[in-house]
Amino acid sequence: INCHPKRLIFMATVGIYNELENASHLNVDNEQLQIPNQYAVDLIENSDVDYTIFRLGLMDYGDEDDYVITKKGESVKTHNTTVESVIKIALEIIDDPELYSRENIAITKKIQHLNSLTDWSNSIVIYDGVLLLNESTNMFTLRQTPCSGV
C-alpha cells in the first residue's frame, strides 16, 4: 500500500462555473445541487495536493476519442461525456504524471455526438485524503489521512 500517492483525480460536474452554453439549466446559478461540487473543487484547488479535476457531463457509452477538453474559464458546448473518454484520459495521466497536473478540465462529447444516458459525475477518486460530506450543510471538507499502521 502506498501511503504517499502522488495524484488525486476528482470528478465533478460541468456547470459549476456557469460555463454551459447550451444547457444553462444545469449551471450552478440555476441548479443548487452544483454548489457542493463547486465547494469540493475549490477545496482541492486551494490545497497542496497534486490533482486533476475532471468536470464531466451526463455519462454515456461511446467512442473513447469522442471528446473535447475545455479548460477552466472556457465555455463548454455540450453536457455529455463518454465513459471511455474518461478512462482514456485517466490512463494517459497515469502514463504521464505531468499531464493536466493541478488543472481543472471539462471532458465532454464533441457537439455532433449527443445521447445522454447516465449521470456518474459525482464519483470520487481520493488517493491521499478523505473528502467528507457534512450532510447538515451539504459542504465537503478535504482531510489528509495519516499512514499509520501500514
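All of these numbers come straight from a predicted model, not from anything done at the bench.

Visitor: I keep staring at the pattern of salt bridges and nothing clicks. Help me out?
Guide: Opposite charge on two side chains permits pairing when their charged atoms draw close. Evaluation of the coordinates by the stated rule reveals 7 salt bridges. Residues glutamate 19 and arginine 55 are paired through a salt bridge, measuring 2.5 Å at the closest nitrogen-oxygen approach. Of this pair, glutamate 19 sits in the loop between strand 1 (8-13) and helix 1 (35-45) while arginine 55 is found in strand 2 (residues 51-56), placing the two residues 36 residues apart along the sequence. The residues glutamate 19 and arginine 55 share a single accessibility class, namely buried.

Visitor: Sorry, what's going on with the side chain of asparagine 104 here?
Guide: Secondary-structure assignment places asparagine 104 in strand 6 (residues 103-108). Residue asparagine 104 is classed as buried on the basis of its relative accessible area, which comes to 5%. Side chain to side chain, asparagine 104 and glutamate 45 meet in a polar contact 3.0 Å long. Contact partners of asparagine 104, with chain neighbours within four places excluded, come to Tyr17, Val41, Glu45, Ile53, Arg55, Thr70, Lys71 and Lys72.

Visitor: Please clarify how a nonpolar patch on the surface should be interpreted in this entry.
Guide: Taken together, the side chains of Ile87, Leu91 and Ile94 define a hydrophobic patch exposed on the protein surface, amounting to about 310 Å² of accessible area. Along the chain, isoleucine 94 turns up in helix 2 (residues 83-95).

Visitor: Would you mind going over helix 2 with me for this structure?
Guide: Note on helix geometry: an α-helix contains 3.6 residues per turn, so any two residues three or four positions apart are oriented the same way. Under the 1.5 Å per step criterion, the end-to-end length of helix 2 is 19 Å for 13 residues, consistent within 8% with the ideal 18 Å. Taken together, the buried positions of helix 2 are Val83, Ser85, Val86, Ile89, Ala90 and Ile93. Down the axis of helix 2, the buried side of the element spans an arc of 165°, and every buried residue falls inside it. Exposed and facing more than 90 degrees away from the buried side of helix 2 are Ile94 and Asp95.

Visitor: It is not clear to me how the confidence of the model for the protein chain should be interpreted in this structure. Could you clarify?
Guide: Interpretation of the predicted coordinates at a detailed level should be avoided for regions scoring low in pLDDT. Chain-level statistics for the protein chain give a pLDDT mean of 78 and a share of 71% at 70 or above. Across the protein chain, the element-wise mean pLDDT spans from 42 in strand 7 (residues 124-125) up to 96 in strand 6. Here residues 113-131 is a poorly scored stretch, pLDDT under 50, and it has 57 contacts once near neighbours within four places are set aside; other chains count. Segment residues 144-150: pLDDT under 50, and 10 contacts once partners within four positions in sequence are set aside and those in other chains are kept.

How each quantity is defined
- Residues numbered from 1 in each chain as written.
- Predicted model: local features only at pLDDT ≥ 70, side-chain atom pairs only at ≥ 80, totals over all residues.
- Heavy atoms only, no water.
- Salt bridge = Lys/Arg side-chain N within 4 Å of Asp/Glu carboxyl O.
- Helix = DSSP H or I, 4+ residues; strand = E, 2+ residues; numbered from the N terminus.
- Buried < 20%, exposed > 50% of the residue type's maximum accessible area, 1.4 Å probe, protein only.
- Polar contact = N/O pair within 3.5 Å; in protein donor to acceptor, adjacent residues only side chain to side chain.
- Contact = heavy atoms within 4.5 Å.
- Patch = residues over 30% accessible without salt bridge, like charges linked within 9 Å, V, L, I, M, F, W, Y side chains within 5 Å.
- Areas by Shrake-Rupley, 256 points an atom, 1.4 Å probe, with all protein chains shown as cover.
- Expected span 1.5 Å × (residues − 1).
- Arc of directions from axis to C-beta.
- pLDDT = per-residue confidence, 0-100.

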